[in-house]
Amino acid sequence: MARHFTLNTGTEIPSVGYGTWQSKPDGVGRSVYAAVKAGYRHIDCARAYRNEKENNIRFWIIQVGLALQKLFEEGVVKREDLFITSKLWHDHHAPEDVPESLHRSLNDLQLEYLDLYLIHWPFRLKKGTDASNPENFVRPDIPATWGAMEKLYDAGKARAIGVSNFSTKKLSDLLVVARVRPAVNQVECHPGWQQTKLHNFYQSTGIHLSAYSPLGSPGTPWMNSNVLQEPVITSIANKLGKTPAQVALCWNIQMGHSVLPKSLNEERIKQNLDVYYWSIPDDLLAMFTEIKQVRQFRGDFTVNPQSVYKTHEELWDGEV
């Protein structure tokens, strides 16, 4: 099983990374430290998740930075051993604000560069605001934002650049104007939402799919996910002597996608890395087509009569 995938920049991205979405600020540092000690070499971060207040967000990302510095100081890893991802939030899409957001992340993480920097959503807000008030919504100008991202890539502050939560159409539109091609699109992807159209598109364009919520986010009640209870997955897990989570992760990796599982349990953190020395046989792999497909994370906060996206179909360009 692949330990790394090669991006269109020539950089290698680890096939299994550690996701920090929904980690509590007071525990994220400990979990990142435990993950790297266990063998993870990709840490996925972001300046903001959902509608957290800025002071909590900053505390969260500083805790990740402190954990990284502790790992460096103790000699567990060197900076070049790690692949660190962060993301541009909605209120910093203006070209002049993009470098400010990156530099703030670098300062909080105590790093000189990021390995990957992503536009978090194709959605824009007025600077310093949140999505609670539709009056804060601004029509996105992805080509202009991407131009600023390209400058960060040119300067070496981001070794690769990409997007997150982009549909096939939105990514196709970006490719028309991009000077530097996106290296990655990070999207929800798991056996219950297999992203077949995006997967096929990437096969022809050389863009890498990185899967967030690769286990279906079973700890997120509002997502109503039961991916790990799917009979197909539990049956395969029993036949192979693996956990349902390991089977779900292995499926994504065999499809050529990197994965970003998250757990605060140290035993499960280790279990989620046990995907390198086995694979799902072809006959069992074919069974994944039997699983009902449901997008769990629909981006409700972007959809509003005053938004550029009046419906979920517009946000995802029919990929719902």
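Refer to the structure printed above.
A brief look at the structure comes next. (Residues numbered from 1 in each chain as written. Predicted model: local features only at pLDDT ≥ 70, side-chain atom pairs only at ≥ 80, totals over all residues. Heavy atoms only, no water.)

## Side note on the pairing of strand E9 (residues 161-164)
Of the two faces of E9, both are covered, the one formed by Ile161 and Val163 as well as the one formed by Gly162 and Ser164. The pairing of E9 with strand E10 (residues 184-188) spans 2 bridges and is classified as parallel. Bridging across to E10, Val163 finds its partner in Asn185. A crossover connection joins E9 to the parallel E10 through helix H5 (residues 168-177); in handedness this β-α-β unit is right-handed. (Buried < 20%, exposed > 50% of the residue type's maximum accessible area, 1.4 Å probe, protein only. Helix = DSSP H or I, 4+ residues; strand = E, 2+ residues; numbered from the N terminus. Pairing = 2+ DSSP bridges. Right-handed = clockwise from strand over helix to strand, strands pointing away.)

## Considerations on the packing of aromatic side chains
Scanning the entire structure with this criterion turns up 9 aromatic pairs. Look at Trp121 and Phe301: their rings are 5.2 Å apart centre to centre, the planes differ by 80 degrees, and that puts the pair in the edge-to-face class. Pair noted here: Trp121 is in the loop between strand E6 (116-119) and strand E7 (124-125) and Phe301 is in the loop between helix H10 (282-285) and helix H11 (312-316), with a separation of 180 residues, a long-range link. Judged by relative accessible area, which is 3%, Trp121 ranks as buried. Residue Phe301 is classed as partly exposed on the basis of its relative accessible area, which comes to 25%. Aromatic rings pair up to connect Trp121, Phe123, Phe137, Tyr212, Phe297, Phe301 and Trp316 into one cluster. (Phe/Tyr/Trp six-rings, centres within 6.5 Å; stacked < 30°, edge-to-face > 60°.)

## Focus on the pattern of salt bridges
Counting across every chain of the model gives 10 salt bridges. With its nearest N and O atoms 2.7 Å apart, the salt bridge here joins Arg179 to Asp154. With a gap of 25 residues between them, Arg179 in the loop between H5 and E10 and Asp154 in helix H4 (residues 142-154) connect regions that are remote in the sequence. We note a salt bridge from Lys170 to Asp317, for which the minimum N-O separation is 2.7 Å. In this pair, Lys170 is assigned in helix H5 and Asp317 in the segment after H11, connecting sequence segments 147 residues apart. The class of Lys170 is buried, set by a relative accessible area of 13%. Three or more residues joined by partner-sharing salt bridges are found here, namely Asp97, Glu100, Arg104 and Lys127. (Salt bridge = Lys/Arg side-chain N within 4 Å of Asp/Glu carboxyl O.)

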